[in-house]
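# Analysis of the macromolecular model
Below, each chain spelled out in residue letters.
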Amino acid sequence: MSFMMRAVKVPPPSASLEEARHRVFDLFRSACRSLPTVMEIYTLNDVVTVSQLRSAISSEFRNNAHITDPKVIDMLLIKGQEELSNVVEHAKQRHHIIGQYVVDRTGMHHGAGKDPSTSQFLDNFYTSNYF
């Protein structure tokens with residue numbers, strides 16, 4: 001089984017901040033338009049809704065809203081396009097998508113009810129003579 005690596009087509013650098021801004025909006029639109037397909041590919045209907053995924057994507061974009069250098073924006077656009085193509089082409093598994101875009105955003109995390117400082121096993125281990 002051979003694997004051909006697809007090269008991400010790198011567009012020419014943005015001439016201005018306004019052009020880079022338009023490219024960012026285009027990437028955001030294409031990411032939002034691909035959400036129903038992503039929901040179907042990874043069977044995420046039982047875990048998250050399309051609107052929750054859309055808000056996760058928008059928060060990723062808002063995290064970089066302070067950047068004003070067109071070269072840095074172009075670099076982030078290439079990374080975003082690569083991430084989108086990996087997700088749409090099913091290069092990731094379901095738990096990757098859930099861990100990256102669902103669990104971190106909704107506040108769910110593993111072991112939410114556990115406090116590691118109250119573990120009876122660790123208390124016994126620390127008081128043992130095996131050190």
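This text goes with the structure placed above it.
Quick look at the structure, then. None of these values were measured; they are calculated from a predicted model.

## Things to note about the environment of I57
Within the secondary structure, I57 is located in helix α3 (residues 50-63). The exposure class assigned to I57 is buried, which follows from its relative accessible area of 13%. Aside from chain neighbours lying at most four places away, what touches I57 is F28, A31 and L35.

## What about the nonpolar core?
Judged by nonpolar contacts, the single largest core of 21 residues is most densely connected at Y42, L44, V48, L53 and I97. The set of elements that each furnish at least two residues to this core consists of α1 (17-33), α2 (35-41), α3, α4 (70-88) and α5 (94-106). Residue contributions to this core peak at 5 residues, all from α5. If near-sequence neighbours (up to four positions away) are discounted, L44 is found in contact with V38, M39, L53, R94, I97 and I98.

## Thoughts on the packing of α1 against α3
Packing of α1 against α3 brings their axes to within 10 Å, and their N-to-C directions diverge by 160 degrees. One way to sum up the angle between α1 and α3 is to call them roughly antiparallel. Relative to α3, α1 is oriented so that their crossing is right-handed. In contact with V24, L27, F28, A31 and C32 of α1, α3 contributes R54, I57, S58 and F61. Split by residue class, the contact of α1 with α3 holds 7 nonpolar, 1 polar and 1 charged.

## Concerning the environment of P11
One can find P11 in the segment before α1. Separated by 66 residues in the primary sequence, P11 and L77 have C-alpha atoms spaced 9.8 Å apart. Sequence-distant contacts of P11, defined by excluding residues within four places in its chain, comprise R23 and Q81.

## A few points about the packing of aromatic side chains
Throughout the structure, instances matching the rule amount to 1 aromatic pair. A ring pair is formed by F28 and F61, whose centres lie 5.3 Å apart and whose planes are at 85 degrees; its orientation type is edge-to-face. Residue F28 is found in helix α1, and its partner F61 is found in helix α3; the two are separated by 33 residues along the sequence. Owing to a relative accessible area of 24%, F28 belongs among the partly exposed residues under this scheme.

Rules behind the numbers
- Residues numbered from 1 in each chain as written.
- Predicted model: local features only at pLDDT ≥ 70, side-chain atom pairs only at ≥ 80, totals over all residues.
- Heavy atoms only, no water.
- Helix = DSSP H or I, 4+ residues; strand = E, 2+ residues; numbered from the N terminus.
- Buried < 20%, exposed > 50% of the residue type's maximum accessible area, 1.4 Å probe, protein only.
- Contact = heavy atoms within 4.5 Å.
- Core = buried A, V, L, I, M, F, W, Y, C linked by side-chain atoms within 4.5 Å.
- Axes fitted to C-alpha atoms, helices over the stretch in contact; angles between N-to-C directions.
- Parallel < 35°, antiparallel > 145°, perpendicular 65-115°, else oblique.
- Left-handed = near helix turned anticlockwise from the far one by under 90°.
- Nonpolar A, V, L, I, M, F, W, Y, C, P; charged D, E, K, R; others polar.
- Phe/Tyr/Trp six-rings, centres within 6.5 Å; stacked < 30°, edge-to-face > 60°.

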